[in-house]
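Observations on the model geometry
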Amino acid sequence: MSLRVLVTRPAGQEAPVMALLAGAGFTPLHQSTLCIEPRVLDARERGYLMNLDQYHAVFLVSTNAVRLALEALTDYWPQWPVGVHWIAVGEATAAALANAGLPAVAPQTGFNSEAVLALPALQSLEEQQVLVLRGEGGRPLFAETLATRGARVDQVALYRRVCNPAFQWPAPPVDAALVTSVESWHCLQQHRPPQQMLLVAGSARIGAAIRAAGYGNLTVAASPHDEDMVACLTQHLMKSR
């Protein structure tokens, strides 16, 4: 019998990784730990979007940010401004931008703030403006680092992440669960993960949060990218044999 693996991504984002898991011989199941709630933007935030053409670069932190940004920006920009560097946190986010006619640059590896900060477009920023489109919360590293490079950084939180009130563990129990954000882990933790279940963390930061909660049955992937998560799970199981 193949191992049962729980995918915890928000609804609508689970299909690619579930296909990869099935192709690798696992039985994937989906139960989202988080729900994505759009925010109502205030006048200042709407002003940032209206002045999009003034920015050297626009950084989008997720596919959720792309979806909600496109919904908001098309009210102001029937044609996209020229000269803006569109920057994505990873391949999926870049692909979502490309589908809207916005060619984006993304790190080849890493898929986190550190990897994005190494991109050439973000090195020389004296007197430049950068717009960050993201969800509520998250790390301050990106904005703080760009400020030290001379940029003025504006940020718009397009959505908030809330724990899914309908979450429940599948029956029979799963053998492993994929955790792709610290917020997702905090929601999952409320439901007392069985200690015998393997958790696959999408980054060292997520892994540290899981360990800090006293959960030791853990392996850490190179990134939250679907391929990295499935590869980490497969490699861990091979080592355990």
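Residues numbered from 1 in each chain as written. Predicted model: local features only at pLDDT ≥ 70, side-chain atom pairs only at ≥ 80, totals over all residues. Heavy atoms only, no water.

A few words on the side chain of Thr 219. Of note, Thr 219 is situated in strand 11 (residues 218–220). Under the relative-accessibility criterion, Thr 219 is labelled buried at 12%. Look past the residues within four positions of Thr 219 in its chain and what remains in contact with it is Leu 198, Leu 199, Val 200, Ala 201, Cys 232 and His 236. (Helix = DSSP H or I, 4+ residues; strand = E, 2+ residues; numbered from the N terminus. Buried < 20%, exposed > 50% of the residue type's maximum accessible area, 1.4 Å probe, protein only. Contact = heavy atoms within 4.5 Å.)

This part takes up unusual backbone geometry. Glycine aside, a negative phi is what most residues show, and trans is what most peptide bonds show. That bond from Ala 171 to Pro 172 is cis: its omega, -5°, falls within 30 degrees of zero. Non-glycine residue Glu 127 carries a positive phi angle of around 65°. Relative to the assigned elements, Glu 127 resides in the loop between helix 5 (113–117) and strand 7 (129–135). Residue Glu 127 is classed as exposed on the basis of its relative accessible area of 73%. At Arg 192, a position not held by glycine, the phi torsion is positive, near 55°.

We now examine the state of the cysteines. Across all of its chains, the model carries 1 disulfide by this definition. A sulfur-sulfur distance of 2.0 Å marks the disulfide that ties Cys 163 to Cys 187. On the S-S bond that ties Cys 163 to Cys 187, the torsion sits near -85°, and the link is left-handed. Linking Cys 163 in strand 8 (residues 152–163) with Cys 187 in helix 7 (residues 182–189), this pair joins segments that are 24 residues apart in sequence. Using a relative accessible area of 32% as the deciding quantity, one classes Cys 163 as partly exposed. Just so you know, Cys 35 is unpaired, no disulfide at all, and the nearest cysteine sulfur is the one on Cys 187, 8.7 Å from it. (Disulfide = S-S within 2.5 Å.)

Our focus in this paragraph is helix 4 (residues 91–99). All buried positions along helix 4 are accounted for by Thr 93, Ala 94 and Leu 97. Seen along its axis, helix 4 keeps its buried residues to an arc of 100°; they face one direction. The secondary structure elements touched by the buried residues of helix 4 are strand 4 (57–60), helix 3 (63–73), strand 5 (85–88) and strand 6 (104–105). Just downstream of helix 4 lies Gly 101, where phi reads positive at about 85°. (Arc of directions from axis to C-beta.)

With that settled, the discussion passes to the pairing of strand 1 (residues 4–7). Burial of strand 1 is two-sided: the residues Arg 4 and Leu 6 facing one way and the residues Val 5 and Val 7 facing the other way are all buried. Across 4 bridges, strand 1 lies against strand 2 (residues 27–30) in parallel orientation. When the bridges of strand 2 are listed, Val 5 appears paired with Pro 28. Remark: the strand 1/helix 1 (residues 15–23)/strand 2 crossover connection has right-handed handedness. (Pairing = 2+ DSSP bridges. Right-handed = clockwise from strand over helix to strand, strands pointing away.)

This next bit is on the sheet that holds strand 5. Strand order in this open sheet of 6 strands is 3-8-7-4-5-6, and the pairing throughout is mixed. At either end of the open sheet lies a strand with only one pairing partner, and these are strand 3 (34–38) and strand 6. Both strand 7 and strand 8 contribute to a ladder of 7 bridges, which runs parallel. What sits directly across from Gln 129, in strand 8, is Arg 152. Contacting strand 4, strand 5 and strand 6, helix 4 runs over the sheet at an angle of about 140° to strand 5. (Axes fitted to C-alpha atoms, helices over the stretch in contact; angles between N-to-C directions.)

Okay, helix 3 next. Burial within helix 3 is extensive, with 8 of its 11 residues counted as buried. Buried within helix 3 we find Asn 64, Ala 65, Val 66, Leu 68, Ala 69, Leu 70, Ala 72 and Leu 73. The opening residue of helix 3, the one whose side-chain oxygen lies 3.4 Å from the backbone nitrogen of Asn 64, is Ser 62. (Polar contact = N/O pair within 3.5 Å; in protein donor to acceptor, adjacent residues only side chain to side chain.)

Turning to the side chain of Thr 145, a few remarks are in order. Of note, Thr 145 is situated in helix 6 (residues 141–148). Judged by its relative accessible area of 17%, Thr 145 is buried.

An order of 2-1-9-10-11 is seen for the 5 strands of this open sheet, with the pairing classed as parallel. One side of each edge strand has no neighbouring strand; the edge strands of this open sheet are strand 2 and strand 11. Here the strands of the sheet are splayed against their neighbours by 25° on average, with no regard to which way each runs. Of the pairings in the sheet, the one linking strand 1 to strand 9 (residues 176–179) comprises 3 bridges and is parallel in character. Counterpart to Val 7 in the pairing with strand 9 is Leu 178. Running at roughly 165° to strand 11, helix 8 (residues 204–212) makes contact with strand 9, strand 10 (198–201) and strand 11 of the sheet. The strands touched by helix 9 (residues 226–240) are strand 1, strand 9, strand 10 and strand 11; relative to strand 10, the strand with the most contacts, the crossing angle is about 140°.

In short, shape yes, function no, at least from these values alone.
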